[in-house]
Each structure stands twice: as C-alpha cells, then as structure tokens.
Amino acid sequence: MYQSTRNKNITASSSEAIVRGIAADGGLFMFSSESDIKIDVLSLMGKTTFFMATEILSKLLPDFSKEEMAEIVRKAYSGKFETDELTPTVKIGNEYILELFRGPTSAFKDVALSILPLLLTASAKKNGIDDDIVILTATSGDTGKAALEGFQDVPGTKIIVFYPEEGVSAVQKKQMITQKGNNTLVVAVKGNFDDAQTGVKNIFASFKGKEGVRLSSANSINIGRLAPQVVYYFKAYSDLIEMGDIKFGDKVNFCVPTGNFGDILAGYIAKLMGLPVGKLIVASNANNVLTDFFNTGIYDKRRAFLKTASPSMDILISSNLERLLYLSSGCDNDKTAAYMASLNEKGFYKIEAEQLARLQSEFYAGCLSDEGTAGVIKNTYEKKGYLSDTHTAVGIGVYEEYKAKTGDKTPTVILSTASPYKFSGFVASAIGVEAGDNEFETMRRLEEKTGVPIPKNLKNLEELEVLHKTVISKEEMGDLVSAKASEKVWKR
Ligand SMILES: *Cc1c(COP(=O)(O)O)cnc(C)c1O
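For every chain, the first residue of its written sequence is number 1, and the numbers climb from 1 along that sequence. Reporting in this predicted model follows two pLDDT cut-offs: at least 70 for local features of residues, and 80 or more for side-chain atom pairs to be given and counted; totals over whole chains, interfaces and linings ignore these cut-offs and use all residues. The basis for the side-chain values is all heavy atoms of the structure; hydrogens and waters are excluded.

**Re the overall build of the protein**
Counting its secondary structure elements, the protein contains 20 helices and 16 strands. What you see for the protein is a C-alpha radius of gyration of 21 Å, in line with the 23 Å of a compact globule of 492 residues. Reported as C-alpha extents along the three principal axes, the dimensions of the protein are approximately 60 × 55 × 50 Å. Considering the protein as a whole, with its 492 residues, one finds that 60% of them fall into the buried category. For helices the rule is a DSSP run of H or I covering at least 4 residues; for strands it is a run of E covering at least 2, with both sets numbered from the N terminus onward. Throughout, the radius of gyration refers to the C-alpha atoms, and the reference size of a globule is 2.2 Å times the residue count to the power 0.38. A 1.4 Å probe rolled over the protein chains alone gives each residue an accessible area, and that area as a share of the maximum for its type sets the label: buried under 20%, exposed over 50%, partly exposed in between.

The structure is reproduced here in structure tokens:
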C-alpha cells in the first residue's frame, strides 16, 4: 500500500511504514494509489471527533482494524485536550479559525503526537519487533515538547530531542528542559533548526544497528504523524455545516501556516480522500522558499536562513513537499527522485510547467514579514476581539492578501497552530502590552489585558525544575546518540 516517493520497488505496509519512518533510499512513504483512500465523507459529518478519527485513520492505515483503531484513538485522546472535540472551530468576522492548540503542550503538534506513540508501539508489535525504539527528533520548538509529552514513560520507547540553542522561544525552551520521564533526553545544539534536522538525518543514514535498539522519528516524515492531522480538516468542514454556513458538497478553502509542509499536506490528503476542499493556501513567514516555489516552480534553498517571530516556520527545506511532488506527478517516483537529487547536489530544482500549473490550480502561496505579523495580531485583536499567536497571524495575513488579490468568496478556515502565550513577548508588544521582567510576567500582563486565560500547562511552567542542561555542537550529535542507545536504562 505504501511506497517510497523515490522508488516504487521500496514498499511497506502501513504499519511497516510507521516503524521505519523513512524509506531506505531516503524517500518518504506514501500511498501508491489515490483510489485506496477514498472515504464516504457524508457518513462522517456531524459525528464525534473520535469517530471521525477512527474511520479516517483505519482507512489511511489499513493494517489497523476499526476496532483496534477506536481503542487507540480513545487511549490517545481521552482527557488530554481541553475538550473531547479536540479541535474547535471559532468564527471571527467572516472567517473561521480552527484551533489546533487545545492539547497538552498548546501547539497543533499535540494532535498527532498524542497518538503516534500508540501507533508506533502497536505497529512494532504487528511486525514482530521487540527492540527498544529510540525516537530521534529535531525540533524548531513545538514538535519537541509535544513528542516528549506523547512518549514520556511509554514502555519500549525512549526519546531524544534536539533543539537549536538560539532558535526557540523562552517558553518553548522551558517546556522542553523541564520534561519529566525516565525515557526522555533533551539536548541543545549550537546552530539553527536546519543544522539540527540535518544532524538527525545524518544519524539515521549512518547509524550502525545496535542489538535490541532501533531508531525512529517523530517528525512529520513519519506517515503515522501525518495521518492523524487529516482528521481535523473533516472536523472543521463538519463544523461549518453544523453552523449552518455551508451545505454538504460546498467547497471550503483552508489557509495553513506552513513550515515542513506536513500540516497542509494533510489537507491535500483530506481532499484526495474526497473532502470538498477549494484552495489550499500556503502561508509562510520571511523564509519564503515555498512562496517562491509555488509562484515560479523553482525550489531554491540557496538563501539566508532568517530568524523570525514565528520560529516553528523558520525552515529552508520543507521535507513533506516531496510527498506533494510525488502525488501531483501522478505518483512518478523517478521524477520525484530526480528533483530531490538536484536539491541535494545543486541546492535547487525546477519542476515542469505542466506540474506547476496543476499545483497552482490547487494551491496559493504567500508570505508575511514580522512587521506585517505584528500588524495582523493588533488588528485581529482590536477589530475582532481575537488574540492570535504569531504563526496563526501569518495565516490570517496571507489569507487577507489572497482575498484581496483574487476576490474569492469561498468560506475559508484558517488553521491556528499555537497558543498566543507560547510567544508572549511578541504578541504583547504587538497589542501594546509592556513586557515584564521575564516571559512569565509578560504572560500574566497579557492575560490581565485581554482576559484570555493562560493555558494550564504554560501557567505551571515557571515553577518546574530544569532537568536537561546538555549543550553540544552538531558534530557531537552522532556520538551522543550512539552512547545513549547503548544504555539500557537512562539515569539522570
Ligand atoms: C510546526 C508548526 C507549524 C508548521 O507546520 P508544518 O507541518 O511543519 O508545516 C506552524 N505553526 C506552529 C505553531 C508549529 O508548531
């Protein structure tokens, strides 16, 4: 059912694809036929999120029966989010905000990382693997914490998170370095996110197997991470019907603050499954490599890496775009492999005009500077009474540009990917709240001014003890993983 985006002879069942994470040739696992994933969309409308998740996930991951998946969904999500609805849709003005940050770490990655550990350990069991699974993850801030929370004390797993020392917000850093659990390790890397991510990719490529240990990934290159994100597109669509704002079959646009291209690709998969999706709008910050790509057909990473107010989108190589290249070329592995080889060797690739035209008919891409982002946060708060985080504001701003440019009146859902309190300093300054002496004081002032409650998990953070203090260079990452992988039990 799954094959490498770069070679159709490298295949895997859905559970194998989850265990392996990435294909042996460096490609990403993707389904080999769109017709396998068609679903009866109408039968999902008006149902609970748990029901939708069960149906959609067992369709995308057919090694799991519906009964098995229902149990996994229940275990993964019960009581973990602010509501069992998981991802509420809120109407502001004429637009809809899909709030994906109501989970245990206040970022959208909770949706996938609450369930990935269960999918992964169940997949290992199905394939007769009883090795210890060591999760390696590079994070630009949010994946790390969400993965740590998901894998903490899950039997048979350990997790190592690498974050760029200067590349995450103060709150994100505090969330990670206070992580509890006897199977967790958090390490700062001197460098930026791409350094950390390249380091992790190199370890995967060169890791010499150790007895009883295998490496896996919690990044969105893992299909087990991508599939759960498809669910909330259906949920949002159902919400719009329930609100009486659309009728079944009407198209809905989705605008997605984008980094590694995982979240928006899940929207594309929802569309392939049959959801009536209009345009998918790719919103980037000043690291606008995707904006250029969708406008010109040239993906060129040879440019400066910029640090912005939306750090989870600071990225030059959007890994999951490879899956879109594969799908939009009619599952052409050779073509996809050639693009990726060009990116590796020359730092860029150019797709053919026909494929570009197809992408442009389904996607729109735009970008917003930090200054623009601050303006959007201010306006959205003052005119619509909604406090948005920096990433979400990029989405709102790019959508406004899209609407002005195209005149498209299709109802549009903007995905909100983080709580504003994860980026309090920037958000406070944008709406004219003076910063406190530290991030936590700023959070309190923001709460006082806006009345928007600080999520519980962030409120308690200040008191927590720092448990992880290791800082290393990117050259030292491999040795550290080797050493830790050999230790049966981790001591702190
Ligand atoms: C990870 C993240 C994104 C980007 O999502 P991708 O799937 O990498 O495109 C956007 N916003 C926030 C807050 C994130 O944590």
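**Remarks on helix α6 (residues 142-151)**
With nine of 10 residues buried, α6 lies mostly within the body of the structure. The positive-phi residue at the C-terminal boundary of α6 is Asp153, with phi of around 60°.

**With respect to the environment of Glu322**
As for its position among the elements, Glu322 is in helix α12 (residues 321-328). Excluding residues that lie within four positions of it along the chain, Glu322 makes contacts with Thr5, Arg6, Gly27, Leu28, Thr336 and Met340. Here, two residues are considered to be in contact whenever any of their heavy atoms come within 4.5 Å of each other.

**Considering unusual backbone geometry**
One non-glycine residue, Phe261, lies in positive phi territory at about 70°. Among the structural elements, Phe261 can be located in the loop between β10 (252-257) and α10 (262-273). The residue Cys331 is not glycine, and still its phi comes out positive at about 55°. If you trace the backbone, Cys331 turns up in the loop between α12 and α13 (333-346).

**A look at the packing of α12 against helix α14 (residues 353-362)**
Between N-to-C directions, angles span 0 to 180 degrees; the directions come from axes that are lines fitted to C-alpha atoms, helices contributing only their stretch in contact. Axis separation between α12 and α14 bottoms out at 10 Å; the angle between their running directions is 110°. In terms of orientation, α12 lies roughly perpendicular with respect to α14. Across the interface between the two elements, Leu324, Leu325, Leu327 and Ser328 from α12 touch Gln355, Arg358 and Leu359 from α14. For this classification, the nonpolar set comprises Ala, Val, Leu, Ile, Met, Phe, Trp, Tyr, Cys and Pro, the charged set comprises Asp, Glu, Lys and Arg, and every other residue, Gly included, is treated as polar. Grouping the amino acids of the contact of α12 with α14 by side-chain chemistry returns four nonpolar, two polar and one charged. What sets the label is the angle itself: under 35 degrees gives roughly parallel, over 145 gives roughly antiparallel, 65 to 115 gives roughly perpendicular, and the rest give oblique.

**Remarks on the sheet that holds strand β2 (residues 7-12)**
In this description, strands pair whenever DSSP reports at least two bridges between them. On the basis of which strands lie adjacent, the open sheet formed by three strands has the order β2-β1-β3 and antiparallel pairing. Because the sheet does not close on itself, it has two edges, and the strands there are β2 and β3 (29-31). Looking at each pair of strands side by side, their axes are set apart by 45° on average, direction ignored. For strand β1 (residues 2-4) and β2, the ladder comprises three bridges, and the chain directions are antiparallel. The residue bridging Ser4 from the neighbouring strand is Asn7, located in β2.

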